[in-house]
4 protein chains.
Amino acid sequence: MFEEVYKVRFYETDALKHVSNTVIVQWFEAAREPIFKLFTPDLNLDTWPLILANYKVDLLKQIFLGEVTIKTWISRIGNSSFGIYQEVWQNGHKCSSGETTMVHFNYQNSCSEAIPENVRALLEEHIIAGE
Amino acid sequence: MFEEVYKVRFYETDALKHVSNTVIVQWFEAAREPIFKLFTPDLNLDTWPLILANYKVDLLKQIFLGEVTIKTWISRIGNSSFGIYQEVWQNGHKCSSGETTMVHFNYQNSCSEAIPENVRALLEEHIIAGE
Amino acid sequence: MFEEVYKVRFYETDALKHVSNTVIVQWFEAAREPIFKLFTPDLNLDTWPLILANYKVDLLKQIFLGEVTIKTWISRIGNSSFGIYQEVWQNGHKCSSGETTMVHFNYQNSCSEAIPENVRALLEEHIIAGE
Amino acid sequence: MFEEVYKVRFYETDALKHVSNTVIVQWFEAAREPIFKLFTPDLNLDTWPLILANYKVDLLKQIFLGEVTIKTWISRIGNSSFGIYQEVWQNGHKCSSGETTMVHFNYQNSCSEAIPENVRALLEEHIIAGE
């Protein structure tokens, strides 16, 4: 499991005085960075190896100015795609959860590719069942 | 069906030279404005009547600088909640689709409330089956 | 003068119920697109010809949900750099104004370059003094 | 001087593979939080005491994926307004600097108000000359 702590940024709130629903996927992307690094340790943009296929987010409780913790697990590993499960916590409450499907992808020929064995082994260390 | 046309804004792209996945939910929220107005024609923030429960987005094709069209339908009407189905089109291709669940909500007492009959009738006019 | 009309997007507001100060430079960038096109009509990213050197924004009046108009003029043309002056209007009031300095730039060798004569002529058509 | 360290978020980059110019004012706002707390330690939105009058940003060097440090000083203290000077550093280089004018403001009657003496004393501790 990976964990990131963020201070809510003022511009991330909206006129309802809570964090905008649109911000959750921004935090989730930012908190996936350690997973990106399993695939591309130097974050080289010219050979970026991942594309996002879909996400799904539940907003369980409003989030306000203050601090949030984002928890990130691998939820599923397929041949070329894998799932990431994430949660947002604030003040001891789970406020949001989400699932993202990423695909190991070759941007040059626009094709998905099998996840390399060494990366697969690294992903397995973060499988949610293992928590 | 509601339709909005947006020019992709340069800051909405990311280092992969396409539109960031995080932008789709921003466009979807912006394109739901006509639905917000069915509930609150003057968009009065002090009695804002809706909260977002969840969303789910499929990214089917990369989106690039240029123009996009967002199409919005009502997909489901429950007692207090309803579903919105949306699509992003660019150059004749459906590039993304998504489903959002909104709840008729009272922010003062943090409770969901039945959708008023007159609003329900308005929502029904935009049901996707009717397209 | 170039003019763009935007509906304020809900996520562009913040917890003070007005548009976040951080959004003005986003609108200004979006409204500079016609100027980008004077330099690169097809918006080709591989030979992108401009870099931003500085901006300066005055917030004169709070901006709220609703519609805004962004007006854009050329304020100054130097050898390799030029100035852009922009305003945000809402409900008949000038709410914000700003000045941005752009530089004609070669990203390959990280050097500024003289503005081509044909582009200079196009820029001159939008000089603010000519309004 | 206040200091915040941020990892650049992927969505903060743009199609030129660097951080979008529009992000600098977002980081600057986020990094001003300790100053907001000098005025309102609990960040109470109902009595929010500050409004932004203007900002001015110089982009000195492109910023890329990685880590940035934001440094924040008080540059000037007037009767009701004050200046904040901020810098973005990456890999030992100053990449951006900016000056923001904030006004002690009463949102109920839309008037500026003198900075309270106790807050003025706190601000003075962070004056840039004192660094």
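Residues numbered from 1 in each chain as written. Chains lettered and ligands numbered in written order. Predicted model: local features only at pLDDT ≥ 70, side-chain atom pairs only at ≥ 80, totals over all residues. Heavy atoms only, no water.

Draft legend 1. Focus on the overall build of chain A. The secondary structure content of chain A amounts to three helices and six strands. Going residue by residue from the N terminus, the α and β elements of chain A occur as β-α-α-β-β-β-β-β-α. Computed over its C-alpha atoms, the radius of gyration of chain A comes to 16 Å, within 12% of the 14 Å expected for a compact globule of 131 residues. Taking the principal axes of its C-alpha atoms as reference, chain A extends roughly 45 × 30 × 25 Å. By the burial criterion, 60% of the 131 residues in chain A qualify as buried. Considering only contacts in chain A between residues 6 or more positions apart, those separated by 24 or more positions represent 65%. (Helix = DSSP H or I, 4+ residues; strand = E, 2+ residues; numbered from the N terminus. Rg over C-alpha atoms; globule rule 2.2 N^0.38 Å. Buried < 20%, exposed > 50% of the residue type's maximum accessible area, 1.4 Å probe, protein only. Contact = heavy atoms within 4.5 Å.)

Draft legend 2. Focus on the relation of the copies chain A and chain B. In the superposition of chain A on chain B (RMSD 0.0 Å, axial shift 0.0 Å), the rotation amounts to 180°. This pairing of chains is accounted for by a two-fold axis. Minimal C-alpha distance to the rotation axis in chain A is attained by Lys56(A), lying at 2.0 Å. Take the interface residues of chain A: 100% of them recur as interface residues in chain B, which is what a same-surface contact looks like. (Least-squares fit on C-alpha atoms with pLDDT ≥ 70 in both.)

Draft legend 3. Geometry of the interface of chain A and chain D. Between chain A and chain D, the contact holds 18 residues from the first and 18 residues from the second. Here chain A and chain D share an interface that buries about 1,900 Å² over both sides, 55% of which is from carbon and sulfur atoms. The largest contributions to the chain A side of the interface with chain D come from Arg9(A), Phe10(A) and Tyr11(A), which together make up 32% of the buried area. The shortest N-O distance in the salt bridge between Arg9(A) and Glu12(D) comes to 3.0 Å. Applying the counting rule to chain A against chain D returns eight residue pairs in polar contact (both at pLDDT 80 or more). Of all the secondary-structure elements, those providing two or more residues to the side of chain A that touches chain D are strand 1 (2-7) and helix 1 (21-31) of chain A. Top contributing element to the side of chain A that touches chain D by residue count: helix 1 of chain A, with four residues. Grouping the amino acids of the side of chain A that touches chain D by side-chain chemistry returns nine nonpolar, one polar and eight charged. (Buried area = accessible area lost by both parts, 1.4 Å probe. Salt bridge = Lys/Arg side-chain N within 4 Å of Asp/Glu carboxyl O. Polar contact = N/O pair within 3.5 Å; in protein donor to acceptor, adjacent residues only side chain to side chain. Nonpolar A, V, L, I, M, F, W, Y, C, P; charged D, E, K, R; others polar.)

Draft legend 4. Representation of the pattern of salt bridges. Overall, the coordinates contain 28 salt bridges over all chains when judged by the stated rule. Measuring nitrogen to oxygen at the nearest pair gives 4.0 Å for the salt bridge that ties Lys7(D) to Glu33(A). Here Glu33(A) lies in helix 2 (residues 33-39) and Lys7(D) lies in strand 1 (residues 2-7), a pairing that spans two chains. On the accessibility criterion, Lys7(D) (38% relative accessible area) is partly exposed. With a relative accessible area of 11%, Glu33(A) lands in the buried category. Beyond isolated ion pairs, a larger network of salt bridges with shared partners links Glu4(A), Glu33(A), Lys37(A) and Lys7(D).

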